Amino acid sequence: MSKYIFVVGGVMSGVGKGVACASIGKILQSRGYKVTAIKIDPYVNVDAGTMNPTEHGEVFVTEDGDETDQDIGNYERFLDVDIYRINYMTTGRVYQSVISRERNLEYEGKCVEVVPHIPEEVIRRINLAAKKSKADITIIEIGGTVGEYQNILFLEAARMMHLQKPEDVLFIMVSYLPIPDKVGEMKTKPTQYAVRSLNSAGIQPDFILCRAEKPLDLKRREKLSTFCNIMAADVISAPDVDSIYEVPVNFEKEHLSEKILDKLNLKAKKKNLNDWKKVLKVIKTAKRQVRIAMIGKYFATGSFVLSDSYISVIEAIKHASWANKIRPTIHWLNSDDFEKNPAKIKELKNYNGIVIPGGFGGRGIEGKIKAIEYARKNKIPFLGLCYGMQLATIEFARNVCRLRNANSTEIDPKTKHPVIHIMYEQAQKIAAKQYGNSMRLGAWPCVINKKSKSFFAYGSSKINERHRHRYEFNNDYRKIIEKKGLLLAGLSPDKKLVEIIELPGHPFFVGVQFHPEFKSRPLKPHPLFMEFIRTAVRKK
Ligand code: GLN
């Protein structure tokens, strides 16, 4: 028994389709079903690794090293399961498979056509993903909005699947209902058009989730029912929420899991969302606060700032705080500002903890290094993630080991002291212009020194964490850096790669070459973030 739920967007993007999918997954899972989720990105890029974070937000990395859309992160966080490469597809990836099969004569001399061969490949991938995670129910999010050219072939795949298994396939449209200021009422017309557009692809939605600033009223529910050819009870209100983690509970207020299971001919077993509700209670009631500074370079798109680029880090800080019954406030500091105005660095004393997240390239680097120096000297809890760890190494090399102008070869290829450098294999890939999916990616094992804070945090010396980078700690500098007091607290099992650095004697100064944020979940906060937050609160 395998059931499939396609989720499509109406009217506009960015109204939380990913969170809606994750939440639908959550409520079905809470009924005792095994759920997985697939993200379809209509881009021609083969993966998100080559997409601009300004446009596309964070690149989320899976256990098996795929560079995916941030929605995969939402699925993992809500469902508390690992999602794999097969669950992420782009137009590029689908075409790549079909073309390589054609080159291998696997179509036995037939004409290979966009229809049906492309939708067939989409369906093949959906079935493989469902099988790999042994899912009872697979949710498939089709990126973009209906009416775009880009996702037509994916809608076609959905239509074909429904034709093959009408009992097992269901469609949900997540739409947006504007409440224009001047008009003063919620408008349904854009959604009506979106449904009509979906109809013209041969698909009738079974449910419409109505995203809006406010809850849906009866009048509009009935209107949508009449004009969109759908039962009023299947028009679901999905008003704005303070925390995305409220969404599953809100859906259940509309009995969504029961209604979905009913249409899929599945029994609605007793529901259990208790653990989830406990977290929600903390989110709503926690009084004690912790102030965390996130220092990055912020991605402006026109006059707007896209905070999405760091979504997993932000969520990881929240999960760890909530587990400690604390309300975190996350403050975004632009590292460029510390360069332009060095006196600003003192403002860091107003924070209980400092996080330097991952990044690429030279902009804003010196500002981040100054911030790390301040955290080190003033004993402010510090967590460096990937680039954050590399920059902490550079700071230590420059200011403690007195290696003047120490740097990463990513920033200064001719530096006299390349304390962070590119590995031979990576340099070769770049020379051959092999940029796609070629970093050190996915889960790698690490062995932790038992005397370290990290060991205390993890409670284990063997861990697995997800990576996404090309540069590494340069082993030529191990001796001097260790001699000057930095602890190489985590190494790869063959001891060749430095994975964690720590500063003994500091309340919490930890840099990790990996991205622990990708493994943090609301019901399973990450141990390093937990220890970081605990120390930040204690220091306060
Ligand atoms: N730019 C660094 C590297 O490639 C760090 C990457 C990151 O922070 N994800 O190694």
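Up top is the structure.
The following paragraphs examine the structure supplied in this document. Throughout, a residue's number is its position along its own chain's written sequence, starting from 1. Predicted model: local features are reported for residues with pLDDT of at least 70 only, side-chain atom pairs are reported and counted for 80 or more only, and whole-chain, interface and lining totals are derived from all residues. Side-chain measures were taken over the full set of non-hydrogen atoms in the model, leaving aside hydrogen atoms and water.

### Considerations on the overall build of the chain
Helix and strand labels come from DSSP, where a helix needs a run of H or I of at least four residues and a strand needs a run of E of at least two; each type is numbered from the N terminus. Regarding its fold elements, the chain presents 19 helices and 23 strands. With respect to the principal axes defined by its C-alpha atoms, the chain has extents near 75 × 65 × 45 Å. The buried label applies to any residue whose accessible area, calculated with a 1.4 Å probe on protein chains only, is under 20% of its type's maximum; exposed applies above 50%, and partly exposed to all values in between. The burial tally for the chain puts 57% of its 540 residues in the buried class. In the chain, of all internal contacts separated by at least 6 residues, the share reaching a separation of at least 24 is 73%. Put simply, the chain shows about 23,500 Å² of open surface, and 52% of that area lies on carbon and sulfur atoms. Counted charges follow a simple rule, with Lys and Arg positive, Asp and Glu negative, and His plus the chain ends left uncounted. Throughout, a charge is located at the NZ atom of Lys, the CZ atom of Arg, the CG atom of Asp or the CD atom of Glu. Counting 85 positive and 61 negative side-chain charges, the chain places the averaged centre of each group 7 Å from the other. When checking whether two residues touch, look at their non-hydrogen atoms; a contact exists if any pair is within 4.5 Å. Where accessible areas are quoted, they stem from the Shrake-Rupley method and a 1.4 Å probe; at the residue level, only the protein chains shown are allowed to cover.

### What to know about the nonpolar core
Judged by nonpolar contacts, the single largest core of 54 residues is most densely connected at Ile 5, Ile 24, Ile 172, Leu 209, Phe 251, Leu 256 and Ile 260. If you tally residues by element for this core, the top one is helix 1 (residues 17-29), at 7 residues. With residues up to four places along the chain from it excluded, the contact list for Ile 24 reads Ile 5, Val 7, Ile 139, Ile 172, Leu 209, Phe 251, Leu 256 and Ile 260. To form a nonpolar core, buried Ala, Val, Leu, Ile, Met, Phe, Trp, Tyr and Cys residues must be joined to one another through side-chain atoms within 4.5 Å. Listed in part, the 44 residues of the second largest apolar core include Val 122, Ile 123, Ala 129 and Ala 157.

### Quick word on the pairing of strand 14 (residues 353-356)
The two faces of strand 14 match: Gly 353 and Val 355 on one face and Ile 354 and Ile 356 on the other face are all buried. For two strands to be treated as a pair, DSSP must find no fewer than two bridges joining them. Taken together, the 3 bridges between strand 10 (residues 289-296) and strand 14 define a ladder with parallel strand orientation. Bridging across to strand 14, Ile 292 finds its partner in Gly 353. Sheet topology places strand 14 next to strand 15 (residues 382-385); 3 bridges connect them, and they run parallel. Its bridge partner being in strand 15, Ile 354 is matched across the sheet by Phe 382. Here is how to tell: hold the view so the strands point away, follow the path from the first strand over the helix to the second, and if it runs clockwise the crossover is right-handed. One crossover worth recording links strand 14 to the parallel strand 15 by way of helix 14 (residues 365-377), and it is right-handed.

### Some words on the sheet that holds strand 20 (residues 471-473)
Ordered in space as 16-17-20, the 3 strands form an open sheet in which the pairing is mixed. The outermost strands of the open sheet, each flanked by one partner alone, are strand 16 (407-408) and strand 20. Where strand 16 lies against strand 17 (residues 418-422), 2 bridges are found, and the strand directions are parallel. Looking at the pairing, Asn 407 lines up with Pro 418 of strand 17. Inter-axis angles, ranging from 0 to 180 degrees, are taken between N-to-C directions of lines fitted to C-alpha atoms, where helices are fitted over the stretch in contact. Along the sheet face, helix 15 (residues 387-399) touches strand 16, strand 17 and strand 20 and points at about 150 degrees away from the line of strand 17.

### Some words on the packing of aromatic side chains
When the centres of two rings from Phe, Tyr and Trp lie within 6.5 Å, Trp using its six-membered ring, the rings pair. Their planes under 30 degrees apart give stacked, over 60 give edge-to-face, and anything left gives tilted. For the structure on display, the rule yields 8 aromatic pairs. Measuring from ring centre to ring centre gives 4.9 Å for Phe 60 and Phe 518, while their planes differ by 70 degrees; the resulting arrangement is edge-to-face. Placement of the pair is Phe 60 in strand 3 (residues 60-61) and Phe 518 in the loop between strand 23 (509-512) and helix 19 (527-539), with a sequence separation of 458 residues. Judged by relative accessible area, which is 1%, Phe 60 ranks as buried. Residue Phe 518 is classed as buried on the basis of its relative accessible area of 5%. Among the aromatic side chains, those forming a connected cluster through ring pairs are Phe 78, Tyr 245, Trp 276 and Trp 322. A ring is scored as having a charge over it whenever the NZ atom of a lysine or the CZ atom of an arginine sits within 6 Å of its centre and within 35 degrees of its normal. Geometry around Phe 207 places Lys 263 over its ring, the cationic atom sitting 5.1 Å from the centre. The cationic tip of Lys 269 hangs over the ring face of Tyr 33; the distance from NZ or CZ to the ring centre is 4.3 Å.

### Remarks on the pattern of salt bridges
When a carboxyl oxygen of Asp or Glu is within 4 Å of a side-chain nitrogen of Lys or Arg, the pair counts as a salt bridge. Counting across every chain of the model gives 42 salt bridges. Between Lys 17 and Glu 141 there is a salt bridge, and its shortest N-O distance comes to 4.0 Å. Of this pair, Lys 17 sits in helix 1 while Glu 141 sits in strand 6 (residues 137-142), and the two are 124 residues apart along the sequence. Each member of the pair, Lys 17 together with Glu 141, is buried. Here Glu 121 makes a salt bridge to Arg 124, at a shortest N to O gap of 2.8 Å. With Glu 121 and Arg 124 both in helix 5 (residues 114-132) and 3 residues apart, the pair spans about one turn of that helix. Since its relative accessible area comes to 1%, Glu 121 is described here as buried.

### Things to note about the site of the ligand
Taken together, Gly 358, Gly 359, Phe 360, Cys 386, Tyr 387, Gln 390, Glu 410, Arg 468, His 469, Arg 470, Tyr 471 and His 515 form the complete shell of residues around the ligand. Polar contacts, as used here, are pairs of N or O atoms within 3.5 Å; protein pairs need one atom able to donate a hydrogen and one able to accept it. Residues neighboring in sequence count only if both atoms are side-chain atoms. Note that an oxygen atom of the ligand is positioned 3.1 Å from one of the backbone N or O atoms of Arg 470. In isolation the ligand has 290 Å² of accessible area, and contact with the protein removes 98% of it. Where the shell around the ligand is concerned, the elements lending two or more residues are helix 15 and strand 19 (462-469). Residues are counted as near a molecule or strand when any one of their heavy atoms sits within 4 Å of it.

### Quick word on the environment of Asn 475
Residue placement: Asn 475 occurs in the loop between strand 20 and helix 18 (478-483). The exposure class of Asn 475 is partly exposed, given its relative accessible area of 34%. Asn 475 sits 56 residues away from Val 419 along the chain, and the two C-alpha atoms are 8.0 Å apart. Apart from residues lying up to four places away in sequence, Asn 475 is in contact with Lys 496 and Val 498. A polar side-chain atom of Asn 475 sits 2.9 Å from a polar atom in the side chain of Arg 478. Here Lys 496 takes part through its backbone oxygen, which lies 2.8 Å from a polar atom of the side chain of Asn 475.

### Notes on helix 14
What a helix should span is 1.5 Å times the count of its residues minus one. When the terminal C-alpha atoms of helix 14 are compared, their 19 Å separation across 13 residues agrees well with the 18 Å that a helix rising 1.5 Å per residue should span. Those residues of helix 14 lying buried are Ile 365, Gly 367, Lys 368, Ile 369, Ala 371, Ile 372, Tyr 374, Ala 375 and Arg 376. In the core, the buried residues of helix 14 are packed alongside strand 10, helix 13 (335-340), strand 14, strand 15, helix 15 and strand 23. Immediately downstream of helix 14, the backbone of Lys 379 shows phi near 55 degrees, a positive value.

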